[in-house]
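# Tertiary structure, described
Here is what each chain is made of, one letter per residue.
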Amino acid sequence: MARFAWAEHRLQPPPRVRSSWPSLLFLTALAGTAGAVPRATVRGLFPGGRGTVHVGPSPRGLASTAARRCADCHADIAAEWRASMHASSWSDPVFRTAYAVEPMAFCRNCHAPTHTGAVPAGLAADDGVSCEVCHVRGGHVLAASASTRAPHAMQVVAGLRSSAYCAGCHQFDFPGDAGRAGVRFDTHEPMQDTFAEWRDSAAGRDGTSCQDCHMPWVDGPGGARHRSHRFPGGRDLALLRSAVSVEVSTRREPAGTRVTFTVTSRALGHSFPTGDLFRRAELTASWDGDAASTVRAGLARSFADVPTSVPGATLTFVRRQVGDTRLPAAGLGAPVTVSVLLPGPPRAAPIRWSFDHLLMPTPLAASQGVGEPRNRLVVLTGAVVPPSPEGASP
Ligand code: HEC
Ligand code: HEC
Ligand code: HEC
Ligand code: HEC
Ligand code: HEC
């Protein structure tokens, strides 16, 4: 299944994105005197899929801005980053499989942001979202606070602490379609909506940033604390477990045994799951783990390709979100209640349930050669003993 119903050759060349560092320097000058950098400008650091990231010349004091050079002095941070999805954003096999279906410049602009050619090689290929992508612009290392001991030129960008900074890559729309005569139609439909989900949540309202949850403070080897660069996400069991709690009840019905899940958001700063459009959560129930009896309910976004007629253009299809059954962020509405039916007569066995995180729907994963152990993480499990069948002795 293709991510888009349209191919790259139908896209207009992306609008030329001007290197964003001149305006950045202007605003960092302001930051020194007037506090936080305005959000819009922090977002301007990343073209959000519309172009490559231009880091500019090496800062004074650094011969190279390659991650392995930063690692010479920031070894602990570099080791965390190397184990993160940011470091493998281009080499990650799950991404590679999806990219093979639609090898668009749009994808490369975020997954290998400093690439220069059609097929990134060398550093961009190895390093993905690297130190320089996030920290280097126009001859300066950008940092949230000033440091006088650094051997390299620095600029303070207080906005590095803000969620708006992450939004530069974690909030974006489907790419537009190109009609006749160079007319471009934007879809204005979020492909990833994480920042907007966060902004409306309890975390967004009380100022708990992406960094607060995804860059926790950790101790370095010398005892100095820093923000972890491992960026735990959808593959981190401890983080996933912190997000939700699940209560389960059962009831006998004529057609079978009804299992009702009440899922409550806990330390969740956006929907569960968030991010990539194919992410999915599943609630499962079975008689004592018997695979043949397993029933499931999915929590996911759903999309449809809607035909749109534009005057003077050929018929185009525009991808629109038509449903969203995901668990909303903490602070947005009541707990989600989902029920499934285990059909047939009850068995003298416990009902086992699980709450799982999936990278993508099982059939899509199978078609892309991504096996269950990689695609599915069992987050929470439990067992309930259903009420004994009517008339049966206890
Ligand atoms: C030759 C050693 C060296 C290299 C190479 C180096 N740094 Fe640094 N960097 C330092 C030192 C020392 C500091 C000051 C640390 C302090 O103040 O505690 C620093 C400070 C920083 C800070 C600010 C830390 C703070 O406390 O706010 C950032 C961000 C940073 N470096 C990023 C980078 C990045 C990104 C690279 C690669 C492009 C890099 N550094 C390469 C030595 C180095
Ligand atoms: C996805 C973007 C991103 C990437 C990639 C990244 N950083 Fe950072 N880094 C940040 C942010 C955001 C902060 C500021 C966190 C804060 O102060 O709240 C930070 C903070 C730092 C600091 C200050 C130390 C501290 O107090 O936490 C250093 C030093 C640093 N980064 C070095 C590096 C190096 C070296 C690499 C590559 C190995 C790297 N960073 C990769 C986003 C990134
Ligand atoms: C230059 C673009 C860029 C920026 C800036 C950026 N990210 Fe990412 N981030 C990515 C990409 C691309 C991936 C996906 C890598 C993959 O799975 O292929 C990713 C992955 C992640 C993941 C892992 C998701 C998972 O499923 O495991 C987390 C968590 C994350 N980012 C948080 C952040 C936070 C917090 C910030 C801000 C401090 C940030 N990112 C800034 C591009 C970016
Ligand atoms: C209150 C804590 C909290 C805040 C704030 C928060 N997150 Fe998360 N994040 C989580 C938890 C818990 C998970 C795991 C559950 C999930 O996937 O939704 C997660 C998962 C993710 C994932 C992986 C999604 C997946 O299902 O694979 C990404 C990407 C991500 N967060 C990015 C962000 C960004 C960007 C922001 C800021 C706009 C942010 N987060 C703010 C707690 C938080
Ligand atoms: C504006 C930035 C951006 C663009 C453009 C973009 N991505 Fe991503 N992509 C991300 C971020 C951020 C994540 C992490 C979200 C998460 O983990 O759920 C991600 C995650 C993914 C994942 C999940 C990877 C994994 O390991 O599970 C796949 C697959 C993917 N992207 C494919 C693509 C393809 C194919 C394209 C082009 C058609 C594309 N992306 C364009 C930012 C982008």
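Rules and cut-offs
- Residues numbered from 1 in each chain as written.
- Chains lettered and ligands numbered in written order.
- Predicted model: local features only at pLDDT ≥ 70, side-chain atom pairs only at ≥ 80, totals over all residues.
- Heavy atoms only, no water.
- Helix = DSSP H or I, 4+ residues; strand = E, 2+ residues; numbered from the N terminus.
- Donors = N, O, S within 2.8 Å, 3.2 Å for Na, K, Ca; no water.
- Tetrahedral: all angles 85-135°; square planar, octahedral: opposite > 155°, others 65-115°.
- Buried < 20%, exposed > 50% of the residue type's maximum accessible area, 1.4 Å probe, protein only.
- Near = heavy atom within 4 Å.
- Polar contact = N/O pair within 3.5 Å; in protein donor to acceptor, adjacent residues only side chain to side chain.
- Salt bridge = Lys/Arg side-chain N within 4 Å of Asp/Glu carboxyl O.

## A short note on unusual backbone geometry
- With an omega of -5°, the peptide bond between phenylalanine 272 and proline 273 qualifies as cis.
- Note on placement: proline 273 falls in the loop between strand 11 (256-265) and strand 12 (280-287).
- If you check the backbone angles, phenylalanine 231 has positive phi at about 45° while not being a glycine.
- The topology assignment puts phenylalanine 231 in the loop between strand 9 (225-227) and helix 13 (237-243).

## Observations concerning the coordination of the iron atom of ligand 4
- Protein-derived ligands of the iron atom of ligand 4 are His214 (NE2) and His270 (NE2), with the metal-ligand distances lying across 2.0 Å.
- For the iron atom of ligand 4, the six donor atoms in the first shell make angles of 86 to 179° at the metal, a pattern classed as octahedral. Taken as a pair, histidine 214 in helix 12 (residues 210-214) and histidine 270 in the loop between strand 11 and strand 12 lie far apart in primary sequence, 56 residues in all.
- Judged by its relative accessible area of 22%, histidine 214 falls in the partly exposed class.
- Exposure remark for histidine 270: the relative accessible area of 16% places this residue in the buried category.

## Quick look at the site of ligand 2
- Taken together, the neighbourhood of ligand 2 is formed by 20 residues, with Cys131, Cys134, His135, Arg227 and His229 sitting nearest.
- A distance of 2.9 Å is found between an oxygen atom of ligand 2 and a backbone nitrogen or oxygen belonging to arginine 227.
- A distance of 2.9 Å is found between a nitrogen atom of ligand 2 and a side-chain nitrogen or oxygen belonging to histidine 229.

## Re the pattern of salt bridges
- Inspection of the entire model under this criterion finds 17 salt bridges.
- For aspartate 236, the salt bridge identified is with arginine 230, shortest N-O distance 2.9 Å.
- Among the ionic pairs, arginine 376 bridges to glutamate 282, the shortest N-O distance being 3.1 Å. You can see arginine 376 sitting in strand 17 (residues 376-384) and its partner glutamate 282 sitting in strand 12, a full 94 residues away along the chain.
- It is possible to trace a salt-bridge network through shared partners that takes in Arg280, Glu282, Arg296, Asp356, Glu372 and Arg376.

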